[in-house]
Amino acid sequence: MNDAPKMFDLGLENGVLVGPTGRAYGHLYVSGGRIAAIAAQPLPAAETVDARDLLVMPGMVDAHVHFMDPGDPSREDFPTASAAAARAGVTTVIEHTHARPVRTAAELEAKRTHLNDRSVIDFGLAAHAWPDRLDAVDGVVGAGAAFIKAFTCTTHGVPGLRAADLHALLTRLADLPVPCLVHAEDESLTEEAERALRAAGRDDPGIVPRWRSRAAEEIAIAVVGQLARRLPARVVIAHVSGAGALAEVARAREAGAPLLAETCPQYLTLLEAEVLEHAAFRKFTPPARAGGRADLDRMWHAVAVGDIDYIATDHAPATPAQKRAGSIWDVHFGLPGIDTTLSVLLDGAQAGRLTYERVVELYSQRPAQVYGLYPRKGSLEVGAEADLVLVDPKQEWRVRDEDIISRAGWSPLAGRTLVGRAVRTYVRGRLVADGDEVKAPPGTGRFVAGAGA
Ligand SMILES: [Zn+2]
């Protein structure tokens, strides 16, 4: 008899389903780890969850995180950071760690094996471009790297690529289906600024924005834009920091370079002057550029209207002890953020800066598309993997250092109240976080290969 109604594994009922182009009240059903049906009327399911007053979104895809595992587990590790991600509504990350770069297919395989039982959520891996090993790029892309990370300046121990090296890299990538994510700061300008500041005896926190200047970022973007105009590789400018960098991206686009642009929550929430008070706890690069509210409003506007393609965290934590262990020159760059990024965007939506649909587009659909994971990830369509987050758009919460799950144990947003928070997260239909409780062990998350595999 075939007329028995199909029984789904899981139903999320009475919620508002939010996709990148619209929202609708309805019921979403999961079977075999995939989205199996979306219906206006309830259907039979083995387990149902009442999502009344909640938003149902595809799980967030954070394409730029550093979980330091392997690399520096004293700063972060995959079991901890992926648990923080699950609690925060992130169901896939694409990870790369500078302290243990992945440059070859063998290094990617080794890292993938190491992480086999270490992630709560699904994960992709990126590879590093190394100036003298550009011939390894084809192999590492074939092994499943989701993108190639390139630096224009020697940073975090990763050697910078000169224009000629970048030209060679983008020539190779033109035939490969993965993009290049470029950290854009001009080496000669950061080097010369460092020399001058050190010669003047400076070691106060005020060195950070002078050392990592607007000019260094904007000139590097201009050079990358010139290369991207000549070569058909796909190029993403990482962590676009402010109005000047955005204008440089726009100029390159007008000149015919199809640049994509990423930004991060720190450029939407933090001011340049904060480094003077908080020192190493605001040392990240490129640094915050905003002088005040109006500059932050401009970045939010760019995010809302599409000048920015997607949001990623650039989660790069260090503990308070590590941030205090040395001069401002020597301590690690980077901020924690995986615990708070979705809420920063939801808070922006609540405040009317952008729509909830745009939040889904910026932090789920677009990164999945750019890095070859769509429509398996980043979609609420039937057939997509059932990576889902239930969001309470009205939940007010105060960010406190003691609630941060990341090994960092602190947040640059501590003390702020955000409106909107993930309340339940599912990876391929499995509940991985329920409120503050992480419900699934490391090993639940699987490796997701990039488009070249
Ligand atoms: Zn980064």
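Computed from a prediction, not measured in an experiment: that's the story for all the values here.

A. Main features of the sheet that holds strand β6 (residues 60-65). Strand order in this open sheet of 3 strands is β6-β7-β8, and the pairing throughout is parallel. Of all strands in the sheet, those bounded by a partner on one side alone are β6 and β8 (122-125). Going across the sheet, the axis of each strand differs from the next one's by a mean of 20°, ignoring polarity. Of the strand pairs in this sheet, β6 and strand β7 (residues 90-95) are connected by 4 bridges, and their pairing is parallel. Across the sheet, valine 61 pairs through a bridge with threonine 92, a residue of β7. Set on the sheet, helix α14 (residues 356-370) makes contact with β6 and β7; between it and β6 the angle comes to about 65°.

B. Spotlight on the pairing of strand β3 (residues 34-39). Bridge count for strand β2 (residues 22-31) against β3 is 5 bridges, and the pairing is antiparallel. Of the residues in β3, the one forming a bridge with serine 31 is arginine 34.

C. Inspection of the state of the cysteines at higher detail. In this structure the tally under the stated criterion is 0 disulfides. Left unpaired, cysteine 264 is separated from the closest cysteine sulfur, that of cysteine 153, by 15 Å. Residue cysteine 264 is classed as buried on the basis of its relative accessible area of 0%.

D. A look at unusual backbone geometry. Cis geometry is adopted by the peptide bond preceding proline 286, which originates at threonine 285 and carries an omega value of -5°. As for its placement among the helices and strands, proline 286 is situated in the loop between α10 (274-278) and α11 (293-305). Phi at aspartate 53 takes a positive value of approximately 70°, unusual for a residue other than glycine. Mapped onto the secondary structure, aspartate 53 falls in the loop between β4 (45-50) and β5 (55-58).

E. Geometry of the coordination of the zinc ion. Protein coordination at the zinc ion: the donors are His64 (NE2), His66 (NE2) and Asp314 (OD), at 2.1 to 2.2 Å from the metal. When the donors of the zinc ion are listed by position in the chain, the intervening gaps give H-x1-H-x247-D. Remark: aspartate 314 occurs in the loop between β14 (310-311) and α12 (320-324) and histidine 64 occurs in strand β6; sequence separation between them is 250 residues. Here histidine 64 falls in the buried class, since its relative accessible area comes to 0%.

F. Quick look at the packing of helix α13 (residues 341-350) against α14. Put simply, α13 and α14 touch, their axes get as near as 9 Å, and they point 150° apart. In terms of orientation, α13 lies roughly antiparallel with respect to α14. Along this stretch, α13 crosses α14, giving a crossing that reads as right-handed. Residue-level contacts link Thr341, Leu342, Leu345, Leu346, Ala349 and Gln350 of α13 to Tyr356, Val359 and Tyr363 of α14. Residue composition of the contact of α13 with α14, by class: 7 nonpolar, 2 polar and no charged.

G. Quick look at the sheet that holds strand β10 (residues 148-151). The parallel open sheet is built from 6 strands, whose spatial order is β9-β10-β11-β12-β13-β14. Whereas interior strands pair on both sides, the edge strands pair on one side only; in this sheet they are β9 (127-128) and β14. Of the pairings in the sheet, the one linking strand β12 (residues 235-237) to strand β13 (residues 260-263) comprises 2 bridges and is parallel in character. Its bridge partner lying in β13, isoleucine 237 is registered against alanine 261. Helix α4 (residues 163-173) rests against β10, β11 (180-183) and β12 of the sheet, and its axis sits at about 165° to β10.

H. Quick peek at the environment of glutamate 277. Within the secondary structure, glutamate 277 is located in helix α10. Sequence separation between glutamate 277 and arginine 212 is 65 residues; the distance between their C-alpha atoms is 18 Å.

I. Examining α13 more closely. A large share of α13 lies buried, amounting to 8 of its 10 residues. Every buried residue of α13 is listed here: Thr341, Leu342, Ser343, Val344, Leu345, Leu346, Gly348 and Ala349. Backbone geometry just downstream of α13 places glycine 352 in the positive-phi region, at approximately 85°.

J. The arrangement of the domain arrangement of the protein in detail. The domains assigned to the protein are domain 1 (8-53) and domain 2 (59-377 + 397-414). Opposite the 6 residues of domain 1 that make contact, domain 2 presents 5 residues. Summed over both sides, the interface of domain 1 with domain 2 buries roughly 520 Å², with 58% coming from carbon and sulfur. Its largest share of buried area at the contact with domain 2, domain 1 owes to Val18, Pro20 and Arg23, together 81% of the area lost on that side. At the surface where domain 1 touches domain 2, the tally comes to 1 salt bridge. Of the charged contacts in the structure, one is a salt bridge between arginine 23 and glutamate 357, with a shortest N-O distance of 2.8 Å. Here domain 1 is connected to domain 2 by 1 residue pair in polar contact (both at pLDDT 80 or more). Elements with a contribution of two residues or more to the side of domain 1 that touches domain 2: β1 (8-19) and β2. Residues belonging to the side of domain 1 that touches domain 2 are distributed by class as follows: 2 nonpolar, 3 polar and 1 charged.

About the cut-offs
Residues numbered from 1 in each chain as written. Predicted model: local features only at pLDDT ≥ 70, side-chain atom pairs only at ≥ 80, totals over all residues. Heavy atoms only, no water. Pairing = 2+ DSSP bridges. Helix = DSSP H or I, 4+ residues; strand = E, 2+ residues; numbered from the N terminus. Axes fitted to C-alpha atoms, helices over the stretch in contact; angles between N-to-C directions. Contact = heavy atoms within 4.5 Å. Disulfide = S-S within 2.5 Å. Buried < 20%, exposed > 50% of the residue type's maximum accessible area, 1.4 Å probe, protein only. Donors = N, O, S within 2.8 Å, 3.2 Å for Na, K, Ca; no water. Parallel < 35°, antiparallel > 145°, perpendicular 65-115°, else oblique. Left-handed = near helix turned anticlockwise from the far one by under 90°. Nonpolar A, V, L, I, M, F, W, Y, C, P; charged D, E, K, R; others polar. Domains from an automatic or database assignment. Buried area = accessible area lost by both parts, 1.4 Å probe. Salt bridge = Lys/Arg side-chain N within 4 Å of Asp/Glu carboxyl O. Polar contact = N/O pair within 3.5 Å; in protein donor to acceptor, adjacent residues only side chain to side chain.

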